Amino acid sequence: MTRPADAPIGYFLTRAMLTTRTHVSAKLRPLGLTLPQYICMQMLRQNPGMSNAELARESFVTRQAMNTVLHDLEKADLVARPATAAAGRTLPARLTKRGEALLEEALPEVWAAEDEILGALSKEERHELKRLLSAAIDPCPQTDV
């Protein structure tokens, strides 16, 4: 199948996302994790205390979907949330010790999946790809026209 170099960037990003999802999911499956669970845990490691709504927004899923992910992680004792909200309805989530340990176990698997996906690229090309993608998705400064 031909992959035209002049195809819209969305084509390549979608293909990259689907390929990444497939490879990472396969690596996480033996650990009993799904990709959405891994993403949620990774976000909680970086920002403990995030709410369901914040996690959903950052993961590009609905609050209902994130609530299911959090509920499953709580049942597995990987994430903890208070039984009641201190203020309002927000139940801040945090990783448990078991969640931290499983995330540590998952990280090498995620890196291995990345190595499989980007195997044709040199270390420098991988770095440049990530730099370019980061530059493209970070908000651009507003300019007066």
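Residues numbered from 1 in each chain as written. Predicted model: local features only at pLDDT ≥ 70, side-chain atom pairs only at ≥ 80, totals over all residues. Heavy atoms only, no water.

A. Layout of the environment of Leu118. Mapped onto the fold, Leu118 is located in the loop between α5 (97-117) and α6 (123-137). Among all residues touching Leu118, those that are not within four sequence positions of it are Arg126 and Leu129. (Helix = DSSP H or I, 4+ residues; strand = E, 2+ residues; numbered from the N terminus. Contact = heavy atoms within 4.5 Å.)

B. The layout of surface pockets, seen in detail. Reported here for the largest pocket is a volume of approximately 2,000 Å³. Lining the largest pocket are 40 residues, with Leu13, Ala16, Met17, Thr20 and Leu133 positioned closest to its centre. Elements with a contribution of two residues or more to the lining of the largest pocket: α1 (9-28), α2 (35-46), α3 (52-59), α4 (63-75), α5 and α6. No other element matches the 11 residues that α1 contributes to the lining of the largest pocket. Residues belonging to the lining of the largest pocket are distributed by class as follows: 28 nonpolar, six polar and six charged. (1 Å grid on protein atoms, 1.4 Å probe; cavity = no way out; pocket = protein on both sides within 12 Å on 5 of 7 lines; lining within 4 Å. Points joined across faces, edges and corners; volume = space filled by probe spheres on them. Nonpolar A, V, L, I, M, F, W, Y, C, P; charged D, E, K, R; others polar.)

C. Layout of the packing of aromatic side chains. All told, the structure shown has one aromatic pair when counted by the stated rule. Between the aromatic rings of Tyr11 and Phe12, the centroid separation amounts to 5.1 Å while the plane-to-plane angle is 80°, which identifies the pairing as edge-to-face. By relative accessible area, which is 25% here, Tyr11 ends up partly exposed. Classification of Phe12 by relative accessible area gives partly exposed; the value is 31%. (Phe/Tyr/Trp six-rings, centres within 6.5 Å; stacked < 30°, edge-to-face > 60°. Buried < 20%, exposed > 50% of the residue type's maximum accessible area, 1.4 Å probe, protein only.)

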